[in-house]
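Analysis of the macromolecular model
Chain by chain, the residues run as shown.
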Amino acid sequence: MSLTDAYIVFELAGSAYGLRSEDVQHIDLLEHITRVPNTAPAVDGVVFARGDVVPAIDLRTRFGLPRQAPTPATRLIFLRTQQRVVALIVDAARVFQRIPREAIRPVEDTLHGVEGNYVRGVATVKGRLVLLLDVAAVLRVDEIALPPGAAALQPAR
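With an unreviewed UniProt entry as reference, the chain is termed Chemotaxis protein CheW, source organism Horticoccus luteus.

Points about the pattern of salt bridges
The final tally for this structure, using the stated rule, is eight salt bridges. The shortest N-O distance in the salt bridge between R128 and E11 comes to 3.1 Å. Taken together, the residues R128 in strand β10 (residues 128-133) and E11 in strand β1 (residues 4-12) connect sequence positions 117 residues apart. R128 gets classed as partly exposed once you look at its relative accessible area, which sits at 26%. Ionic pairing is found between D44 and R35, a salt bridge with its closest N-O pair at 3.7 Å. Residues joined by salt bridges that share partners form a network here, namely R35, D44, D58 and R67.

Looking at the packing of aromatic side chains
Tallied over the full model, the rule gives three aromatic pairs. Between F10 and Y17 the ring centres are 5.7 Å apart and the planes differ by 20 degrees, which places this aromatic pair in the stacked class. What makes Y17 buried here is its relative accessible area of 9%. Measuring from ring centre to ring centre gives 5.6 Å for Y17 and F63, while their planes differ by 45 degrees; the resulting arrangement is tilted. You can see Y17 sitting in strand β2 (residues 15-20) and its partner F63 sitting in the loop between α1 (59-62) and β6 (75-81), a full 46 residues away along the chain.

Focus on the pairing of β1
Burial runs high along β1: seven of the nine residues are buried. When β1 meets strand β8 (residues 92-100), the two strands line up antiparallel, connected through eight bridges. Within β8, the residue paired with D5 across the bridge is I99. Where β1 meets β2, six bridges bridge the pair, whose relative direction is antiparallel. Paired with V9 across the two strands is G18, which belongs to β2. Where β1 hands over to β2, the hairpin turn is made up of two residues, of which A13 adopts a positive phi near 55 degrees.

What about the sheet that holds strand β4 (residues 43-49)?
Ordered in space as β3-β6-β7-β5-β4, the five strands form an open sheet in which the pairing is mixed. In the strand order of this sheet, the two ends are held by β3 (24-29) and β4, each with one partner. Each strand of the sheet is rotated relative to its neighbour by a mean of 30 degrees, with strand direction disregarded. Note that β3 and β6 share five bridges and pair antiparallel. If you follow H26 over to β6, its bridge partner there is F78.

Things to note about the environment of D58
With respect to the secondary-structure elements, D58 resides in strand β5 (residues 52-58). Linking D58 and V90, residues 32 residues apart in sequence, is a C-alpha distance of 7.1 Å. Excluding its chain neighbours within four sequence positions, the residues that come into contact with D58 are A42, D44, R67 and I89.

Calculation notes
Residues numbered from 1 in each chain as written. Predicted model: local features only at pLDDT ≥ 70, side-chain atom pairs only at ≥ 80, totals over all residues. Heavy atoms only, no water. Salt bridge = Lys/Arg side-chain N within 4 Å of Asp/Glu carboxyl O. Helix = DSSP H or I, 4+ residues; strand = E, 2+ residues; numbered from the N terminus. Buried < 20%, exposed > 50% of the residue type's maximum accessible area, 1.4 Å probe, protein only. Phe/Tyr/Trp six-rings, centres within 6.5 Å; stacked < 30°, edge-to-face > 60°. Pairing = 2+ DSSP bridges. Axes fitted to C-alpha atoms, helices over the stretch in contact; angles between N-to-C directions. Contact = heavy atoms within 4.5 Å.

This is the structure:
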């Protein structure tokens, strides 16, 4: 019997990415973002979710991809990490997927010539390449510059 880990697979600019389900609090529709002035380009603003104010990061911008206007498929993936909650804006959240650990390959073995700054591994799921993200690297505060006070906004409960 092989060990498996559960992932939330989502879509971004035509590619599939995965986040460990243990890092994901919940997924929600993108309804409204309150813009916050003088934030980093990847921080779109804040959203209200379950009574809390949460910074919303446009993952396309964070990865250097072109921005896209929200569609009905656009989702917010709420992550709990480093003692806070952050929402990632993605094109679509696809599926909950179990991936056997032996199916996950290191970035260096699969993406030659590409810096794997945010990718902790690569897996093939149903014939499609899924880039498994390193949440801590994606949310590195010194690179994102969350809105003032955001680190204190929502400590994880």
